[in-house]
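What follows is the residue order along each chain.
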Amino acid sequence: MRILAGSHAALAAPVAKELGAPLVTASFEKVPGGFPDGEAYVRIQGDLRGETVAVIQSTLGDRRLVELLLLQDAAREAGAAKVLTFIPYFAYGRQDKVFEPGEALSVRGIAKAIGSGADRVLTMGIHNPESLRHFPCPAEDVSGMPAVARHFGAMRLDLIVAPDDGAAHHAEAVASTLKIPWDAMEKTRIDAYTVKVAPRQLSVMGKRVGVVDEVISTGGTIAAAVNELKAQGARFVPVACLHGVFAANALEKLKACDDLACSDTLPGPQTRFSVAPEIAAALRKHA
Ligand code: R5P
């Protein structure tokens, strides 16, 4: 197997190391500064003839999405026998319904585009695992929660809490690894930027409560949860998520967190732990 690093090589490199597989890199500019018209460009450095090639690329920002399509195509062009596409952060996963008449079912459109260039797609912490059916090739979601549990491991937490029911399975997974209880809060989304968390009968008074979600985007969900937990008397509230998107002023909203850490599915200031072992283990099954 060859690991083809997308534009976030800091994650692909440890995956390649875990697998003992060669890392193939790519360049993303033909001319310094890129094409004048803004088009993306990809060129692979390496011979992939007859190889199973695992392309690793998160798709936050449409440019990364286009790069992924080009990486898959370049891998085929370089002779790859099989293309496995691992998307650590899969954007557009949250538009998994037509909420208003006339909208695109975005997750389906994006899945079709990516899946037509891959033999198999693997995502991590996709918003709705049912969306995997939209890929026109076999697709699976890999849990990154073992990495969250490793991160929380030394914090002597009493309880893991999900900010809403959608993240309950993540809280349950982390709590079961740490052998502590878990719970989920009730969330109502008011609009794209505002969420309300209704109090739930959590016994968090004086407790050390870890909050877990798959993604932080505007930060509204986590901020509401942390503020509520603190209002209920929690004494230490660290937060961990897989994907630190941090749109707009999200970090400003999250000042009440006692600790804020994200995995390396996306590079960023809060990236503090790695999901490379989970990605490597999932790829190993398809080598
Ligand atoms: C929602 O279902 C997800 O699990 C996250 O809670 C949500 O997408 C986070 O979004 P934001 O940070 O904008 O509140």
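Within every chain, residues take consecutive numbers counted from 1 along the sequence as written. The predicted origin of the model limits local features to residues at a pLDDT of at least 70 and limits the giving and counting of side-chain atom pairs to 80 or more, whereas totals for whole chains, interfaces and linings rest on all residues. Hydrogens are left out, water is left out, and the side-chain values use all remaining heavy atoms of the structure.

### A short note on the environment of M185
Helix and strand definitions follow DSSP, with helices as H or I runs of at least four residues and strands as E runs of at least two, each counted in order from the N terminus. Mapped onto the secondary structure, M185 falls in the loop between β9 (182-184) and β10 (186-191). Through-space distance from the C-alpha of M185 to that of A162 is 6.2 Å; in sequence the pair is 23 residues apart.

### A short note on the sheet that holds strand β15 (residues 271-273)
When DSSP finds two or more bridges between a pair of strands, those strands are recorded as paired. Within the open sheet, the six strands sit side by side as β9-β8-β12-β13-β14-β15. Their pairing is parallel. Lying at the two open borders of the sheet, with one neighbouring strand each, are β9 and β15. Taking each pair of neighbouring strands and ignoring which way they run, the sheet shows an average axis angle of 35°. Pairing geometry for strand β8 (residues 159-162) and β9, over three bridges, is parallel. Each residue of the ladder has a partner; that of V161, found in β9, is D183. Whether two residues touch is decided by their heavy atoms; if any such pair falls within 4.5 Å, the residues are in contact. Angles run from 0 to 180 degrees between N-to-C directions of axes, and those axes are lines fitted to C-alpha atoms, restricted for helices to the stretch in contact. Across the sheet, helix α4 (residues 145-152) lies against β8, β12 (209-216), β13 (238-244), β14 (259-263) and β15, angled at about 150° from β13, the strand it touches most. In this fold helix α6 (residues 220-231) packs onto β8, β12 and β13, with an angle of close to 170° to the strand it touches most, β12.

### Considerations on the domain arrangement of the protein chain
The extent of an interface is frequently quoted as the accessible surface area lost upon association of the parts. Residue ranges for the domains trace back to a domain assignment, done automatically or taken from a database. For the protein chain, the assigned domains read domain 1 (2-142) and domain 2 (145-273). Between the C-alpha centres of domain 1 and domain 2 there is a distance of 28 Å. When domain 1 packs against domain 2, close to 980 Å² is buried across both sides, 65% of that on carbon and sulfur atoms. When residues of domain 1 are sorted by the area they lose upon contact with domain 2, H8, Y89 and R94 head the list and together hold 43% of the total. Salt bridges, as used here, are contacts in which a Lys or Arg side-chain nitrogen is within 4 Å of a carboxyl oxygen on Asp or Glu. The tally of links from domain 1 across to domain 2 stands at zero salt bridges. We call two N or O atoms a polar contact when they sit within 3.5 Å, provided that within protein one can donate a hydrogen and the other can accept it, with sequence-adjacent residues counted only if both atoms are side-chain atoms. Linking domain 1 with domain 2 are five residue pairs in polar contact (both at pLDDT 80 or more). Under the convention adopted here, Pro, Cys and the residues Ala, Val, Leu, Ile, Met, Phe, Trp and Tyr are nonpolar, Asp, Glu, Lys and Arg are charged, and Gly plus all remaining residues are polar. Residue composition of the side of domain 1 that touches domain 2, by class: five nonpolar, four polar and one charged. Once two parts are joined, some of their accessible surface, as seen by a 1.4 Å probe, is lost; buried area is that loss totalled over both.

### Some words on α4
Burial analysis of α4 places six of its eight residues in the buried class, the great majority of the element. Per-residue accessibility, obtained with a 1.4 Å probe over protein chains only, is compared with the maximum for each type, and a residue is labelled buried under 20%, exposed over 50%, and partly exposed between these values. Buried within α4 are the following residues: M145, A147, V148, A149, H151 and F152.

### Considering the packing of helix α1 (residues 9-19) against helix α8 (residues 276-284)
At a minimum axis separation of 9 Å, α1 and α8 run at an interaxial angle of 55°. In terms of axis orientation, α1 runs oblique to α8. Seen from above, α1 lies across α8 with right-handed handedness. From α1, L11, P14, V15, E18 and L19 reach across to α8, where they touch A276, P277, I279, A280, L283 and R284. Here the contact of α1 with α8 is built from residues that sort into nine nonpolar, no polar and two charged. Here roughly perpendicular refers to angles of 65 to 115 degrees, roughly parallel to angles under 35, roughly antiparallel to angles over 145, and oblique to all remaining angles. Put simply, a crossing is left-handed when the front helix is turned counterclockwise from the back one by less than a right angle, and right-handed when it is turned clockwise.

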